[in-house]
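Letter by letter, the chains look like this.
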Amino acid sequence: MTVFGLLFHRPLPNLKMIPIHYDYNQIPTTLQAGAVAVGNFDGIHRGHAQLIGQLIQLAKSIDGPAVVMTFDPPPMSVLHPQRPALPPITPLARRAELLAEFGVDGLIVLPTNLELLNLSADQFFHQILIDKLRLRGMVEGPNFRFGKNRGGDIQVLQQLCRHYTVPLQIAQAANDSSKMISSTRIRAMLSEGDVTSANNLLTRPFRLSGIVSRGAGRGNRLLFPTANLTQIQSLVPAHGVYATRVHYGGQQYQAAMNIGPNPTFGEQSSKIEVHLIRFDGDLYDQPLHCDLMARIREVRKFNSKDELRQQIQLDLEHAAQATPLS
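Only a predicted model underlies this, so the values are computations on that prediction, with no experimental measurement involved.

Moving on: the pairing of strand E5 (residues 106-111). Of all 6 residues in E5, 5 are buried, a share of seventy percent or more. Note: strand E2 (residues 20-21) against E5, 2 bridges, orientation parallel. By the bridge assignment, histidine 21 is partnered in E5 with isoleucine 108. Judged from the 6 bridges that link them, strand E4 (residues 66-72) and E5 form a sheet pairing that is parallel.

Tallied over the full model, the rule gives 5 aromatic pairs. Ring plane angle 35 degrees and centroid distance 5.5 Å describe the contact between phenylalanine 125 and tyrosine 164, whose orientation is recorded as tilted. Within this pair, whereas phenylalanine 125 is found in helix H5 (residues 121-130), its partner tyrosine 164 is found in the loop between helix H6 (154-163) and strand E7 (168-170), the two being separated by 39 residues in sequence. Overall, the relative accessible area of 0% leaves phenylalanine 125 in the buried class. Looking at tyrosine 164, the relative accessible area reads 29%, which means it is partly exposed. With centroids separated by 6.4 Å and ring planes inclined at 85 degrees, the aromatic side chains of tyrosine 248 and phenylalanine 279 adopt a geometry described as edge-to-face. Taken together, the residues tyrosine 248 in strand E10 (residues 240-248) and phenylalanine 279 in the loop between strand E12 (267-276) and strand E13 (287-297) connect sequence positions 31 residues apart. The residue whose ring lies beneath arginine 214 is tyrosine 284, and the NZ or CZ to ring-centre distance is 3.9 Å.

Look at H5 against H6: their axes get within 11 Å of each other, and the N-to-C directions meet at 40 degrees. Classified by the interaxial angle, the pair formed by H5 and H6 is oblique. Relative to H6, the crossing made by H5 is right-handed. In this structure, H5 uses Ala121, Asp122 and Phe125 to contact H6, whose residues at the interface are Val156, Leu157, Leu160 and Cys161. Residues of the contact of H5 with H6, tallied by class, amount to 6 nonpolar, no polar and 1 charged.

Take the environment of glutamine 233 next. Position of glutamine 233 among the secondary structure elements: in the loop between strand E9 (227-230) and E10. By relative accessible area, glutamine 233 is classed as exposed at 54%. Sequence separation between glutamine 233 and isoleucine 89 is 144 residues, and the spatial gap between their C-alpha atoms is 9.0 Å. Contacts of glutamine 233, omitting those with residues within four sequence positions, involve Pro88, Pro91 and Ser209. Among the polar contacts listed, one links the side chain of glutamine 233 to the backbone oxygen of glutamine 231, at a separation of 3.4 Å.

This part takes up a nonpolar patch on the surface. Taken together, the side chains of Met76, Leu79 and Leu114 present a nonpolar region at the surface, about 300 Å² in accessible area. Mapped onto the secondary structure, leucine 114 falls in helix H4 (residues 114-117).

Here we have 6 strands laid out as an open sheet, ordered E2-E5-E4-E3-E6-E7, and parallel in their pairing. The sheet terminates laterally at E2 and E7, the two strands that pair on one side only. Against the sheet, helix H1 (residues 46-61) makes contact with strand E3 (35-38), E4, strand E6 (137-140) and E7, and its axis sits at roughly 170 degrees relative to E6, the strand it touches most.

Enumeration over the complete set of coordinates arrives at 10 salt bridges. The partner of lysine 271 in a salt bridge is glutamate 273, with the nearest N and O atoms 3.9 Å apart. A residue is classified by how much of its surface remains accessible, and lysine 271, at 19% relative accessible area, is buried. Among the ionic pairs, arginine 297 bridges to aspartate 315, the shortest N-O distance being 2.8 Å. Of this pair, arginine 297 sits in strand E13 while aspartate 315 sits in helix H10 (residues 305-322); the two residues are 18 residues apart in sequence, bridging distant segments of the chain. Aspartate 315 shares its class with arginine 297; the two are buried. Each of Asp42, Arg95 and Arg187 takes part in a single network of salt bridges with overlapping partners.

Next up on the list: the nonpolar core. Generally speaking, a soluble globular protein has its nonpolar side chains buried in company with each other. Judged by nonpolar contacts, the single largest core of 33 residues is most densely connected at Leu190, Val246, Met257, Leu288, Cys290 and Leu292. Mapped by element, the contributors of at least two residues to this core are helix H7 (183-191), helix H8 (195-201), strand E8 (207-213), E9, E10, strand E11 (251-262), E12 and E13. When residues in this core are grouped by element, the largest group, 4 residues, is from E11. In this structure, Met69, Leu129, Leu135 and Met138 belong to the second largest nonpolar core, which totals 27 residues.

What counts and how
Residues numbered from 1 in each chain as written. Predicted model: local features only at pLDDT ≥ 70, side-chain atom pairs only at ≥ 80, totals over all residues. Heavy atoms only, no water. Buried < 20%, exposed > 50% of the residue type's maximum accessible area, 1.4 Å probe, protein only. Helix = DSSP H or I, 4+ residues; strand = E, 2+ residues; numbered from the N terminus. Pairing = 2+ DSSP bridges. Phe/Tyr/Trp six-rings, centres within 6.5 Å; stacked < 30°, edge-to-face > 60°. Lys NZ or Arg CZ within 6 Å of the ring centre and 35° of its normal. Axes fitted to C-alpha atoms, helices over the stretch in contact; angles between N-to-C directions. Parallel < 35°, antiparallel > 145°, perpendicular 65-115°, else oblique. Left-handed = near helix turned anticlockwise from the far one by under 90°. Contact = heavy atoms within 4.5 Å. Nonpolar A, V, L, I, M, F, W, Y, C, P; charged D, E, K, R; others polar. Polar contact = N/O pair within 3.5 Å; in protein donor to acceptor, adjacent residues only side chain to side chain. Patch = residues over 30% accessible without salt bridge, like charges linked within 9 Å, V, L, I, M, F, W, Y side chains within 5 Å. Areas by Shrake-Rupley, 256 points an atom, 1.4 Å probe, with all protein chains shown as cover. Salt bridge = Lys/Arg side-chain N within 4 Å of Asp/Glu carboxyl O. Core = buried A, V, L, I, M, F, W, Y, C linked by side-chain atoms within 4.5 Å.

Purely geometric stuff here, so don't read any function into it on its own.
Below, the structure is given as C-alpha cells:
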C-alpha cells in the first residue's frame, strides 16, 4: 500500500514505559514499601497530574517508589455485566507511558473479579495494600471510594492509615473555568467530537492507536490513499474529520482522520481512515498512534468524486495548520 505522509516530519523521543504488574501476589521488592495511589486513572487528565505530583513528592520523602494501582476490567463491568462495557479513554499501555513521564515507578493492575470486589474496605487495605505492597504512604482524591459496595470513603481511609501509621495526603480536586476535571467529562466531550476541549483537560492529546488493515482501496483512486485503522482498544470519538498527528516508526506526521461511514459511495458502516500528507510507504499490518488535535468538520455526502477530492484537499490543508509538530 502507498499512503501519503508528511514532507516535513520530526523524530520522536524515545518513549519510556514503566513496568505493568498483573499479579499482586508477586510484586517485586522495587515497588514495595513506597507511596501508592489507587484509582482508575483513565485518560490521565490534569486532575490526575496534580494527584500524581503529590504522590511523587511523598515517595521521595519516605525514600520509596511511587506506585499507581488500578483495575482491569473496570469494576462496573464486573458488577453490572448486563450493561455494555465502556471502552477506556486511554488503554493501559498508554497509561503506563504517561505515568512514566511524571516519574511513577510502576503500575500494578488488579485483575477485577467478584472475589476482589467482595473484599471490605478493611480487608482490601490490609490484604492488598499492607500485606502485598507494604504500604508506607498514600495519596488519594477527596471522592475516593473502595471496598465492597464502595463502603470505604475518605474518612474510612484516614482511620485505616492512622491505625497502620501510614502518611495520607488528600489531593484537592482540579477544576477548570466550569467545574471539576474528570474522566466522565472528557468521555462526554469525545463522544460529541469535541477533542479540542478534551485535550485541554488531558495531559497529552487524545490518542487512537490501531493496526493498519486493507480497505476498499478507494482512496488510491481518489489520489488520496488512506490507512484503514482497526483493532482499536479505546473510545472512538464522534463521527467527523479530525486534524491528526500520527506517530509511526520513530517519526511523527501530520494527517487527517475520517471517522464514520462514506455516504458519498453509499457505505453506512463506520470506519477509521487516516490520510498522511506526502508520505510514500507500505503501512499494512503496522501500528499507528494517532493524536487527534481538532475536529475539522462533520461527515457528509458529496455530489461527485471531484467535489469529494476538492474537500479532502481542503481537509489536509486545515489538518496541517492544526497539527504543529513537537
